[in-house]
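Observations on chain architecture
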Amino acid sequence: MSNLGIIFAVLGMALAALLPGWGSAKGVGMAGQAGAGVLADNPSLFSKVLVLQLLPATQGIYGFLIAVIAMGNIGISGGDFNMSIAKGLAYLGACLPIAVVGFISAIHQAKTSIASMQLISKRPDQFGKSMLFPVMVEMYAILAVLVSFIAVNGVAGMAL
């Protein structure tokens, strides 16, 4: 049996960890830059701005979680790297929802967090309402991590 199956599985895990991590790093950076501008005018908003800045970081955590779960499910022992190509492709496919949605949603969540920071810079009493915008984007990342979680665990039980 070839090693191609395990290569596809590892590619899926790498994409699950890398793409949302990249999106989160970009998103947290974008939000941090905007937050620094808000704090220059009103340092008392630090805790509210920090919460909004950190929201895009969750996608990187979700992607890392799926990669670790997939790694644990592969069950390679004693250097046995044999896995069917079909199962490797199934792992790759199972990791793609969080990889793609995590990357994209982290950047869009950063944009909504920035808009929310602008709102609270003018109306600090509207923090609760301003949180709704980036949280709505978070819902899609949560859906993606759930799909990947269910799919990765489903692949582990398949006899491919």
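Residues numbered from 1 in each chain as written. Predicted model: local features only at pLDDT ≥ 70, side-chain atom pairs only at ≥ 80, totals over all residues. Heavy atoms only, no water.

One finds Ile 66, Ile 74, Tyr 91, Ile 98 and Val 152 to be the most contacted residues of the largest nonpolar core, which totals 21 residues. Looking at this core, the elements that each hand over two or more residues are helix H1 (4-41), helix H3 (58-74), helix H4 (85-122) and helix H5 (127-156). Considering every element that reaches this core, the biggest residue donor is H3, with six residues. Not counting residues within four places of it along the chain, the set of residues in contact with Ile 66 comprises Ala 16, Cys 95, Ile 98, Val 145, Ser 148, Phe 149 and Val 152. Counting 15 residues, the second-largest nonpolar core is a separate cluster that includes Met 30, Val 49, Leu 52 and Met 117. (Core = buried A, V, L, I, M, F, W, Y, C linked by side-chain atoms within 4.5 Å. Buried < 20%, exposed > 50% of the residue type's maximum accessible area, 1.4 Å probe, protein only. Helix = DSSP H or I, 4+ residues; strand = E, 2+ residues; numbered from the N terminus. Contact = heavy atoms within 4.5 Å.)

Looking now at the packing of H1 against H3. Viewed as axis vectors pointing N to C, H1 and H3 meet at an angle of 165°, and their least axial separation amounts to 6 Å. The orientation of H1 relative to H3 falls into the category roughly antiparallel. Remark: the crossing between H1 and H3 carries left-handed chirality. Between H1 and H3, the residues in contact are Ile 6, Ala 9, Met 13, Ala 16, Ala 17, Pro 20, Gly 21 and Ser 24 and Thr 58, Gln 59, Gly 60, Gly 63, Phe 64, Ile 66, Ala 67, Ala 70, Met 71 and Ile 74, respectively. Considered class by class, the residues forming the contact of H1 with H3 number 12 nonpolar, six polar and no charged. (Axes fitted to C-alpha atoms, helices over the stretch in contact; angles between N-to-C directions. Parallel < 35°, antiparallel > 145°, perpendicular 65-115°, else oblique. Left-handed = near helix turned anticlockwise from the far one by under 90°. Nonpolar A, V, L, I, M, F, W, Y, C, P; charged D, E, K, R; others polar.)

This part takes up the environment of Gln 33. Examined against the element boundaries, Gln 33 turns out to sit in helix H1. Looking at Gln 33, the relative accessible area reads 63%, which means it is exposed.

Let's shift gears to the packing of aromatic side chains. In the structure shown here, the tally under the stated rule is one aromatic pair. A centroid spacing of 5.0 Å and a plane angle of 50° characterise the contact between Trp 22 and Phe 103, whose relative ring orientation is tilted. One end of the pair, Trp 22, is in helix H1; the other, Phe 103, is in helix H4, and 81 residues separate them in sequence. (Phe/Tyr/Trp six-rings, centres within 6.5 Å; stacked < 30°, edge-to-face > 60°.)

On to H5, then. With 30 residues, H5 extends 43 Å between its outermost C-alpha atoms, agreeing within 8% with the 44 Å of an ideal straight helix rising 1.5 Å per residue. The largest bend in H5 is about 30°, located at Phe 133, with the proline Pro 134 one to four residues further on. Of all the residues in H5, the buried ones are Phe 127, Ser 130, Met 131, Pro 134, Val 137, Glu 138, Ala 141, Ala 144, Val 145, Ser 148, Val 152 and Val 155. On its buried face, H5 sits against helix H2 (46-54), H3 and H4. (Expected span 1.5 Å × (residues − 1). Bend = angle between axes of the 7 residues up to and from the residue.)

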